[in-house]
Amino acid sequence: MLMTIFFDMDKELIVKTSRFNLLLMYGVGGVEIVFLTWLLWGLYEEDSNSFVFWGVILGLFILSGIYLIVYASLVKDDYICVNPKGISVDAHNRDFIPKRCMFSYGWSELSTYVLDLVWRNNEPYFYLELYDKNEDLIQKIKLQSLLGAELENFDAYVPEDILYKPAYDYLKYGRTTFCSRSEKTRGLLFWGLFILLTAIGFFVLFIKIADGGFGAELCMPGIFFIFGLDCIYGGIVSKKDHLIFEENGLTIDLHMSLLFRHKYKVLPFNSFNYYNVSLTTSQCELNFYDQDKNEIFSCDCIKLANARYLEWMLRWRLSE
């Protein structure tokens, strides 16, 4: 087996929406509504000339508070159940208007699965994919963010003969690929374009209002302009980032976060003696060493989908 996990036929994992996260969202939304409504009423009583302007601004924030409460009310009863018979899901996705997803499958109906995990602001975000016996993707859901973090233990509750997809592909085809997360590259492109357009807007504004020299005023938008270009460049070049896991070794082709430096390396399994995987909420650092423990190669794979399975794959392959 690929995962050295003892499977207890009586154990069951039930993950529900976190009560703490629910109360926090209700609390933040409620305080936001009450406090901003009080400010708005104060402006109205003062008959301020700027009431309309501040009314629109505060009104938008009040709507965001209402949204938090409505969102929490929609997802409060969500749950995922995993047991020896199969998996049942009644949960919402992570859309702005969350969509309810209900399905149930026995393990005999599935060939493989994957549960990807991304951390943002110390909060876990889960992506669940299920594949049928024909290896067709039958369910794909970006789960809402209020679910309990214990879902991270999902793999330990899946029967041993249902492998996670990287292991399944490797055993069947002798090859599996960890690809770049598409939402990461889209995010880089979006923010790069936004920052670029903002910098251009400030360039135009400073030129119009400048009285004579304006070199110093252009430094800040110039820095943002360069930063925006860098993000767009990163979004384009990192779309094809990957790590290929084959029978003889690894092929790593990545762009690192710092100025998106390109790293490429073919690493046969017999070319290194030691390795280390440092997986945290913000990085998945791979380090490879020779027999004298001198570093041969290192890279950060946090932007690759399913990076959480890399250590399991390496440990299993090198223990053969």
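Check the entry above for the structure.
Described below are features of the structure shown in this document. Model, not experiment: these values are computed from the prediction.

Once that is clear, we can look at the overall build of the protein. Scanning the protein from N- to C-terminus turns up 6 helices and 14 strands. For 320 residues, the compact-globule formula gives about 20 Å, and the C-alpha radius of gyration of the protein, at 25 Å, lies well above that figure. Principal-axis analysis of the C-alpha atoms gives the protein an extent of 75 × 50 × 35 Å. When burial is assessed residue by residue, the protein has 44% of its 320 residues classed as buried. Taking the intrachain contacts of the protein between residues at least 6 apart in sequence as the baseline, contacts between residues at least 24 apart amount to 61%. For the protein, the accessible surface area stands at approximately 18,100 Å², while carbon and sulfur atoms represent 60% of it. Both charge centroids of the protein, one from 29 positive and one from 39 negative side chains, sit 4 Å from each other.

Between helix H3 (residues 165–173) and helix H6 (residues 310–318), the least distance of the axes is 10 Å, while the angle of their chain directions is 35°. Where H3 crosses over H6, the handedness of that crossing is right-handed. For the pair formed by H3 and H6, the contact residues are Pro166, Ala167, Tyr170 and Leu171 on the first element and Met313, Trp316 and Arg317 on the second. Residue composition of the contact of H3 with H6, grouped by class: 6 nonpolar, no polar and 1 charged.

Before going further, it helps to examine the pattern of salt bridges. In total, this model carries 8 salt bridges according to the counting rule given. The partner of Arg100 in a salt bridge is Asp90, and the shortest N-O contact between them spans 2.7 Å. Of this pair, Arg100 sits in strand E4 (residues 100–106) while Asp90 is found in strand E3 (residues 86–92), placing the two residues 10 residues apart along the sequence. You can call Arg100 partly exposed: its relative accessible area is 48%. On the basis of relative accessibility, which here comes to 11%, the residue Asp90 falls in the buried class. Among the salt bridges present, the one from Lys140 reaches Glu129, with a minimum N-O distance of 4.0 Å. Here the residue Lys140 occupies a position in strand E7 (residues 137–142), and Glu129 occupies one in strand E6 (residues 123–132), the gap between them amounting to 11 residues.

On the surface, Val52, Val56, Leu60, Leu63, Ile66, Val70 and Leu74 cluster together into a nonpolar patch covering about 640 Å² of accessible area. You can see Leu74 is positioned in helix H2 (residues 51–75). Judged by relative accessible area, which is 41%, Leu74 ranks as partly exposed.

Let us look at the side chain of Glu32. Summarising the element assignment, Glu32 is placed in helix H1 (residues 19–46). No salt bridge is formed by the buried Glu32; the nearest opposite charge belongs to Arg94, separated by 19 Å. Setting aside residues up to four positions removed in sequence, Glu32 forms contacts with Phe61, Ser64, Gly65 and Leu68.

Rules used in this analysis
- Residues numbered from 1 in each chain as written.
- Predicted model: local features only at pLDDT ≥ 70, side-chain atom pairs only at ≥ 80, totals over all residues.
- Heavy atoms only, no water.
- Helix = DSSP H or I, 4+ residues; strand = E, 2+ residues; numbered from the N terminus.
- Rg over C-alpha atoms; globule rule 2.2 N^0.38 Å.
- Buried < 20%, exposed > 50% of the residue type's maximum accessible area, 1.4 Å probe, protein only.
- Contact = heavy atoms within 4.5 Å.
- Areas by Shrake-Rupley, 256 points an atom, 1.4 Å probe, with all protein chains shown as cover.
- Lys, Arg positive; Asp, Glu negative; His and termini not counted.
- Charge placed at Lys NZ, Arg CZ, Asp CG, Glu CD.
- Axes fitted to C-alpha atoms, helices over the stretch in contact; angles between N-to-C directions.
- Left-handed = near helix turned anticlockwise from the far one by under 90°.
- Nonpolar A, V, L, I, M, F, W, Y, C, P; charged D, E, K, R; others polar.
- Salt bridge = Lys/Arg side-chain N within 4 Å of Asp/Glu carboxyl O.
- Patch = residues over 30% accessible without salt bridge, like charges linked within 9 Å, V, L, I, M, F, W, Y side chains within 5 Å.

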